[in-house]
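A look at the structure
Now for the letters of each chain:
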Amino acid sequence: ALPISPQRKLELQSILQRKQAQLKALERSEDIESKKITGIMNASDLLEYKYDCYNFTGKYGEFFGNPSKNFHLMVFGRPKNGKSIFTVQFAKYLSTLGKVLYIASEEGFSATLQQKIREFGMANPNLDFGNFRDYEQIRDVLANNNYQFVVIDSINFINLEPEDVEVLKAENPGTAFITIQQATKGGQFRGSQDRKSTRLNSSHLVISYAVFCLKKK
């Protein structure tokens with residue numbers, strides 16, 4: 001074997017140290033992932049966890065920050081309060097970041113939807129619209145396409161239950177979901193009692209405020 005020069009020896013040692021550091025980081029990441037699956041994670045581990053996030057800019061970045069790439073945004077409000085107007089504009093913005101499927105179950109391929117597309121300048125190759133009114137149709141199209149964002153307008157019209165939405169999310173772990181839910185005149189969730197839980201109610205109230213803030217600017 002040929003002798004190794006001191007300089008080459010230092011280079012090899014440096015490479016070995018980097019590889020060892022990478023291996024240690026990988027083992028640490030796998031350990032944290034396994035803890036995530038069990039449902040228990042130490043605060044220090046959670047602090048070190050690396051999320052794959054979007055870098056939102058402009059008014060959306062100011063309000064939402066940088067959400068993880070599989071975020072679930074729930075938009076809730078009374079009829080004619082601007083839920084769809086906000087969401088189509090948000091979908092246009094999301095189409096600059098990836099492929100978007102907007103399921104317009106209530107409006108369908110109507111003149112009203114066409115007017116929104118024209119008014120907000122939404123025509124672009126990254127934004128598709130779907131006229132689905134059936135849960136299995138949605139499952140099938142998501143299984144055969146690669147969308148980064150899926151908007152469902154609305155949960156109530158398609159009669160989706162919370163469990164249905166969770167299945168869609170589980171089957172498409174890398175996809176972000178934006179779901180619209182209607183409210184009664186009293187401001188409560190319209191639908192099953194499961195949709196009226198405190199957990200969901202808190203989230204929807206925040207998004208209702210988001211609609212208000214974005215419309216004011």
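A brief structural summary. (Residues numbered from 1 in each chain as written. Predicted model: local features only at pLDDT ≥ 70, side-chain atom pairs only at ≥ 80, totals over all residues. Heavy atoms only, no water.)

Turning to the pairing of strand S4 (residues 149-153), a few remarks are in order. A regular strand carries its side chains on alternate faces of the sheet. Of all 5 residues in S4, 5 are buried, a share of seventy percent or more. Neither face of S4 is open: one carries Phe 149, Val 151 and Asp 153, the other Val 150 and Ile 152, and all of them are buried. By the bridge criterion, 5 bridges tie strand S2 (residues 100-104) to S4 in an arrangement that is parallel. When the sheet's bridge partners are listed, Ala 104 is paired in S4 with Asp 153. Where S4 and strand S5 (residues 176-182) come together, 4 bridges link them in parallel fashion. What sits directly across from Val 151, in S5, is Ile 178. (Buried < 20%, exposed > 50% of the residue type's maximum accessible area, 1.4 Å probe, protein only. Helix = DSSP H or I, 4+ residues; strand = E, 2+ residues; numbered from the N terminus. Pairing = 2+ DSSP bridges.)

Before going further, it helps to spend a moment on the side chain of Lys 83. Mapped onto the secondary structure, Lys 83 falls in helix H4 (residues 83-94). Residues within four places of Lys 83 in sequence aside, it is in contact with Val 75, Phe 76, Gly 77, Arg 78, Ile 180, Gln 181 and Gln 182. (Contact = heavy atoms within 4.5 Å.)

Glancing now at the layout of surface pockets. In this model, the largest pocket occupies a volume close to 330 Å³. Lining of the largest pocket is provided by 13 residues; of these, Pro 79, Lys 80, Lys 83, Ser 84 and Glu 106 occupy positions nearest its centre. Elements represented by at least two residues in the lining of the largest pocket include exactly H4 and S5. Ranked by the residues each element gives to the lining of the largest pocket, the list is headed by H4, at 3 residues. Its residues placed into classes, the lining of the largest pocket shows 3 nonpolar, 4 polar and 6 charged. (1 Å grid on protein atoms, 1.4 Å probe; cavity = no way out; pocket = protein on both sides within 12 Å on 5 of 7 lines; lining within 4 Å. Points joined across faces, edges and corners; volume = space filled by probe spheres on them. Nonpolar A, V, L, I, M, F, W, Y, C, P; charged D, E, K, R; others polar.)

Shape is all these values report; function is a separate question.
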